[in-house]
Amino acid sequence: MKKQKLEVGIRVLAKNPFSDQMEGGVIMNIRARDEEVGRGPFYLVRFHKTDDKSYHSTYTRNPIIRRWVRRQDIEIIE
């Protein structure tokens, strides 16, 4: 299987930080490797499923989940 390059706008399955399950989302931004720490790259994923249960999302009226995810926690949807 050929590895595909991840780009902004690609639909992916990523590990949700709240449920630890793979959920669908879209890559919104890419943060390149950080030379000081030596980790990365990281991908900003906007998950399709909203967070309606937490107090913070209710207070800010922003139920959209966006999180930075590592490459090994992402699978490309074909």
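Since the model is a prediction, treat every value here as computed from it, not as a measurement. (Residues numbered from 1 in each chain as written. Predicted model: local features only at pLDDT ≥ 70, side-chain atom pairs only at ≥ 80, totals over all residues. Heavy atoms only, no water.)

Chemist: Let's hear about the overall build of the protein: which residues, and what values?
Modeler: If you tally the helices and strands in the protein, you get 1 helix and 5 strands. Put simply, the protein runs from its N terminus to its C terminus through helices and strands in the order β-β-β-α-β-β. Burial status across the protein gives 24% buried among its 78 residues. A separation threshold of at least 6 residues defines the contact pool for the protein, and within that pool the share at least 24 residues apart is 44%. (Helix = DSSP H or I, 4+ residues; strand = E, 2+ residues; numbered from the N terminus. Buried < 20%, exposed > 50% of the residue type's maximum accessible area, 1.4 Å probe, protein only. Contact = heavy atoms within 4.5 Å.)

Chemist: Lay out the sheet that holds strand E1 (residues 11–15) with the relevant residues and their values.
Modeler: If you walk across this open sheet you meet the 5 strands as E4-E3-E2-E1-E5, and the pairing is antiparallel. Looking at which strands have only one partner, the edges of the open sheet turn out to be strand E4 (66–70) and strand E5 (74–76). On average, each strand axis in the sheet is tilted by 45° relative to the strand beside it, whichever way the strands run. By the bridge criterion, 5 bridges tie E1 to strand E2 (residues 22–31) in an arrangement that is antiparallel. Its bridge partner lying in E2, alanine 14 is registered against glutamate 23. (Pairing = 2+ DSSP bridges. Axes fitted to C-alpha atoms, helices over the stretch in contact; angles between N-to-C directions.)

Chemist: Break down the pattern of salt bridges for me, with residues and values.
Modeler: Scanning the model with the defined rule gives 1 salt bridge in all. Across the pair aspartate 73 and arginine 70 runs a salt bridge, and its minimum N-O distance is 3.8 Å. Owing to a relative accessible area of 18%, aspartate 73 belongs among the buried residues under this scheme. (Salt bridge = Lys/Arg side-chain N within 4 Å of Asp/Glu carboxyl O.)

Chemist: Please provide a residue-by-residue account of the nonpolar core, values included.
Modeler: Among the nonpolar cores identified, the biggest contains 10 residues, and these are Leu6, Val12, Ala14, Ile27, Tyr43, Val45, Phe47, Ile65, Val69 and Ile74. The element best represented in this core is strand E3 (residues 42–47), accounting for 3 residues. Residues in contact with valine 12, not counting those within four places in the same chain, are Leu6, Glu23, Gly24, Gly25, Ile27, Val45, Ile74, Glu75, Ile76 and Ile77. (Core = buried A, V, L, I, M, F, W, Y, C linked by side-chain atoms within 4.5 Å.)

Chemist: Describe the confidence of the model for the protein, naming the residues involved and giving the relevant values.
Modeler: For residues with low pLDDT, the predicted coordinates do not support detailed interpretation. Confidence in the prediction for the protein averages 78 pLDDT; 71% of positions are at 70 or higher. E1 holds the highest mean pLDDT among the elements of the protein, 91, whereas helix H1 (residues 55–60) holds the lowest, 61. (pLDDT = per-residue confidence, 0-100.)

Chemist: I'd like a rundown of the pairing of E3, residues and numbers included.
Modeler: E3 sits mainly inside the fold: 5 of its 6 residues count as buried. Bridge analysis of E3 against E4 gives 5 bridges, and the strand direction is antiparallel. Note that in E4 the partner of leucine 44 across the bridge is tryptophan 68.

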